[in-house]
Every structure is written in C-alpha cells, then in structure tokens.
Amino acid sequence: MDFSRSFPTVCDGANVDRNRTGSCAHAQTVTCWNEEHATLLATKWYDHKKLAELGEMEGLVYKKGQFSATEEQSMKDAIERYRVEHALTEDDIHKLIFTKQKGGTFWRDVARSVPMRPIKNVFIHVRRVWEPVAKQGPWSVHEDEDLEKAVRELGHTWDAISKRLGRSAGNCRDRYRNHLVHRTERKRGAWSSQEVQQLTAIVRSMISEEGGIGSGVSWAKVAAQMGHQRNGQQCRNKWVQSLHGRDEHSRSDWNTTDTFIFMHKVTSLSVLDETEITWSKFPDPGWNRWSAYQLQRKWRSLKRSIPGHENMTPQEIAHTVLQQAIIPA
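About the thresholds
- Residues numbered from 1 in each chain as written.
- Predicted model: local features only at pLDDT ≥ 70, side-chain atom pairs only at ≥ 80, totals over all residues.
- Heavy atoms only, no water.
- Salt bridge = Lys/Arg side-chain N within 4 Å of Asp/Glu carboxyl O.
- Helix = DSSP H or I, 4+ residues; strand = E, 2+ residues; numbered from the N terminus.
- Buried < 20%, exposed > 50% of the residue type's maximum accessible area, 1.4 Å probe, protein only.
- Core = buried A, V, L, I, M, F, W, Y, C linked by side-chain atoms within 4.5 Å.
- Contact = heavy atoms within 4.5 Å.
- Axes fitted to C-alpha atoms, helices over the stretch in contact; angles between N-to-C directions.
- Parallel < 35°, antiparallel > 145°, perpendicular 65-115°, else oblique.
- Nonpolar A, V, L, I, M, F, W, Y, C, P; charged D, E, K, R; others polar.
- Phe/Tyr/Trp six-rings, centres within 6.5 Å; stacked < 30°, edge-to-face > 60°.
- Lys NZ or Arg CZ within 6 Å of the ring centre and 35° of its normal.
- Expected span 1.5 Å × (residues − 1).
- Polar contact = N/O pair within 3.5 Å; in protein donor to acceptor, adjacent residues only side chain to side chain.

Engineer: What is the right way to read the pattern of salt bridges from this model?
Structural biologist: Side-chain pairs of opposite charge can arise where the charged atoms are in close proximity. Inspection of the entire model under this criterion finds 14 salt bridges. The partner of Arg127 in a salt bridge is Asp159, with the nearest N and O atoms 2.6 Å apart. Taken together, the positions of Arg127 in helix α6 (residues 119-130) and Asp159 in helix α8 (residues 158-165) put the pair 32 residues apart, joining distant regions of the chain. By relative accessible area, Arg127 is classed as buried at 11%. Its salt-bridge partner being Glu143, residue Arg167 comes within 3.0 Å of it at the nearest N-O pair. Of this pair, Arg167 sits in the loop between α8 and α9 (169-180) while Glu143 is found in helix α7 (residues 141-154), placing the two residues 24 residues apart along the sequence. Look at Glu143 and you get buried, because its relative accessible area is 10%. Through salt bridges with shared partners, a single ionic network connects Lys63, Glu71 and Arg117.

Engineer: Explain the nonpolar core to me, please; I cannot follow it from the model alone.
Structural biologist: When a protein is soluble and globular, its nonpolar side chains tend to lie buried together. Formed by 19 residues in total, the largest nonpolar core has its most connected members in Phe262, Met263, Trp279, Phe282 and Leu295. For Phe282, the contacting residues outside a window of four places in its chain are Phe262, Lys265, Val266, Leu269, Ile277, Trp287 and Leu295. One finds Met75, Ile79, Tyr82 and Trp107 within the second-largest nonpolar core, a separate group that totals 16 residues.

Engineer: Can you help me understand the packing of helix α13 (residues 256-267) against helix α14 (residues 292-304) in this one?
Structural biologist: Helix-helix packing is characterised by the crossing angle of the two axes and by the distance between the axes. α14 packs onto α13 with a crossing angle of 90 degrees between their chain directions and a minimal axis gap of 12 Å. Overall, the two elements α13 and α14 adopt an arrangement that is roughly perpendicular. Contacts from Phe262, Met263 and Val266 of α13 reach α14 at Leu295, Lys298, Trp299 and Leu302. Among the residues forming the contact of α13 with α14, the class breakdown is six nonpolar, no polar and one charged.

Engineer: What's the story with the environment of Phe260 in this structure? I'm lost.
Structural biologist: Within the fold, Phe260 resides in helix α13. Judged by its relative accessible area of 26%, Phe260 falls in the partly exposed class.

Engineer: So what exactly am I meant to see when it comes to the packing of aromatic side chains here?
Structural biologist: For any pair of aromatic rings, the description rests on two quantities: the centre-to-centre distance and the angle between the ring planes. For the structure shown, the criterion picks out 12 aromatic pairs. The interplanar angle of 75 degrees and the centroid separation of 5.5 Å between the aromatic rings of Phe262 and Phe282 together place this pair among those described as edge-to-face. Note that Phe262 is positioned in helix α13 and Phe282 in the loop between α13 and α14, a separation of 20 residues in sequence. Like Phe262, the residue Phe282 is buried in the burial classification. The interplanar angle of 45 degrees and the centroid separation of 6.3 Å between the aromatic rings of Trp279 and Trp299 together place this pair among those described as tilted. Linking Trp279 in the loop between α13 and α14 with Trp299 in helix α14, this pair joins segments that are 20 residues apart in sequence. Of the two residues examined, Trp279 and Trp299, each falls in the buried class. By way of ring pairs, the aromatic residues Trp254, Phe262, Trp279, Phe282, Trp287 and Trp299 are connected into one cluster. Looking at Lys50, its charged tip hangs above the ring of Tyr46, at a distance of 6.0 Å from the centre. In this structure, Arg117 is placed above the aromatic ring of Phe67, and the distance from its NZ or CZ to the ring centre is 4.0 Å.

Engineer: Teacher, can you tell me more about α6 here?
Structural biologist: Residues separated by three or four positions in an α-helix point in the same direction, a consequence of the helix having 3.6 residues per turn. The end-to-end C-alpha distance of α6 is 16 Å, a good match for the 16 Å that 12 residues give at a rise of 1.5 Å each. All of the buried residues along α6 are Ile119, Asn121, Val122, Phe123, His125, Val126 and Arg127. Those residues of α6 that are buried are in contact with α1 (35-43), α2 (48-58), α3 (69-85), α4 (90-98), α5 (106-112) and α8.

Engineer: Sorry if this is basic, but what is going on with the side chain of His125 here?
Structural biologist: One can find His125 in helix α6. Exposure remark for His125: the relative accessible area of 16% places this residue in the buried category. Of the polar contacts made by the side chain of His125, one reaches the side chain of Glu72; its length is 2.8 Å. Setting aside chain neighbours within four positions, we find His125 in contact with Phe67, Glu72 and Met75.

So, to be careful, I would describe these as geometric facts and stop short of saying anything about function.
Okay, structure coming up:
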C-alpha cells in the first residue's frame with residue numbers, strides 16, 4: 001500500500017485534497033488527518049517496528065507521545081458510548097478491557113475516537129489508566145529477587161508477573177528495565193566529562209530527529225547507546241537537571257521579536273492541547289535559531305507567566321503573551 005499518494009483527508013467532517021507533501025489547505029484553521037491512515041491505525045495491531053517501517057518506506061504518519069487531555073476525554077466518551085450501546089455494566093467494561101481477546105469492535109471504536117493513534121498504543125494506554133490500584137512505593141530487595149525470578153520463569157509477560165507480585169504490570173516492567181537489567185554494568189555517582197559529552201551528543205541527535213523531548217526521545221534507547229552504564233532514569237535526570245540549558249543558544253539570546261514570531265505561530269495552530277503540538281515544525285528558513293526542545297521549554301516558561309493558563313487553550317495563552325508584550329504591565 002502506497003501511503004504517499006494523494007487521497008481524501010478529513011477536516012472536521014469535510015473532504016479536501018491532500019498533496020504529496022501531506023500539507024492541507026485548511027491546516028491553519030481546522031484539524032486535518034488522513035482518512036486512510038486513520039482507518040489503518042485504528043484496525044491493524046502493528047508494533048512499533050512495523051509502524052516505523054511503514055513510516056520510512058511508505059509515508060505512514062501517526063501520533064505518538066503523551067495523550068492530550070482532549071484525547072483522554074475522547075477515549076473516555078467512546079468507552080461510555082460503547083457501554084451504553086451494548087447495555088454493559090462497569091464490571092463488564094472492566095472485563096472487556098482486560099481480556100486477552102482483541103476481537104470485536106470495542107478497541108476499534110476506542111481507537112477511532114483518537115485519530116492517528118495506533119490501536120496497540122491505545123490498548124496499552126487504556127489498560128494502564130483502568131488498571132486496579134496495586135501495591136505501590138519503593139521496591140524491597142526481596143521484591144527485586146522475586147521479580148527477577150518471575151521474569152526467568154514467565155518471560156516478559158508483565159500481566160502474569162503483575163498477578164504474582166501484586167504490583168501493576170507497568171510498575172513491574174519499568175522496575176525490571178530501569179533498575180534490574182544491566183545493573184552489573186551500571187555506574188553510580190558523579191558523571192565523568194566523557195559521559196556528559198556522550199549523553200549530550202546522543203540526546204541532541206534524538207531531539208533533532210524526533211522533534212523534541214516531549215514527542216520522541218526514548219531514554220531506554222539513550223541508555224542503550226550509553227552502553228547501559230547508566231539507566232534511562234539516570235540519563236533523563238542528568239539531562240533535565242543540569243544539561244538542557246547548555247544548548248547552542250542560551251536563554252539570553254531570546255528577544256521580543258522571537259516572542260512575536262513564536263506566539264503568532266502558536267495562534268495559527270488548530271490544536272486544543274499543547275501535547276498535540278509538533279515543536280519541530282515551528283522553525284522555518286527565516287527563523288531557525290531554536291531547536292524543537294528549546295521552543296518547547298520556552299513555551300512552558302512563557303505560559304507560566306499567565307495567570308490561569310491551566311484552563312486556557314494554547315491560542316488563548318499565545319494571545320495573552322502577545323498582549324503583554326505590546327502593553328507591558
């Protein structure tokens with residue numbers, strides 16, 4: 001299937017033509033997505049490797065990263081709608097979410113409520129949200145030993161391991177991947193200058209390729225490229241706490257003109273939540289001094305200066321920032 005050819009694109013219920021570059025004439029004012037892509041993603045249980053292959057070879061585009069508040073509500077509404085239409089109880093829905101069977105229309109209906117999200121990612125996210133409260137808090141040495149034994153006996157079947165240990169599947173998986181695997185090679189304590197240089201090069205490369213920390217950098221992959229001498233959590237903490245400010249352009253380089261350009265770009269977006277923003281698309285030939293990661297951090301800094309920003313859309317925040325820049329307090 002060739003995903004790079006022209007075919008109809010959905011824009012708030014209307015069909016318009018999309019050219020080969022994937023651009024949409026309505027992109028500045030309404031939310032657009034490719035109908036064929038959306039249908040494929042909502043019905044085919046592709047893993048990340050297959051999705052990456054389709055993206056590389058055939059131009060498949062899909063959303064990744066944190067689910068927005070809008071998407072969370074859409075999935076919640078879709079689940080409730082399915083429950084009512086099929087006369088199910090809350091217990092029925094819970095059983096449906098955690099059954100191993102993926103047939104029927106339930107997961108397709110939920111995935112269609114968040115266009116351009118792969119159904120497998122929706123499945124994993126919804127199960128994580130609906131997961132019953134399990135044991136939480138620090139892991140003991142005994143629990144670590146039990147977890148390692150469970151993995152040896154059950155493999156990476158995290159649901160089965162969860163039942164045995166009484167902790168959530170995600171908690172078991174993360175504990176094993178971030179703390180137990182490769183721990184004999186792992187360093188602790190101060191970072192050497194060589195490690196800092198290596199981490200900086202790896203993260204900057206990923207930021208350039210993926211469009212920002214929030215949308216693509218995998219700290220597990222960073223740790224792997226570091227030779228597992230530091231785990232993903234160590235790498236993330238080191239970057240966030242002490243390295244992110246050492247980018248090519250310091251914060252002092254930012255000026256009022258940058259604010260005007262940046263905010264006008266935000267006001268032209270058709271998103272309802274900032275997690276839907278692709279920061280890598282902001283730079284253009286006339287304004288490209290800032291990386292996607294720097295723009296993302298600058299946005300967070302600017303919005304925090306706006307009282308009540310938690311209840312505002314990105315466009316409303318941007319308009320307020322522009323007004324403050326024009327008429328200083």
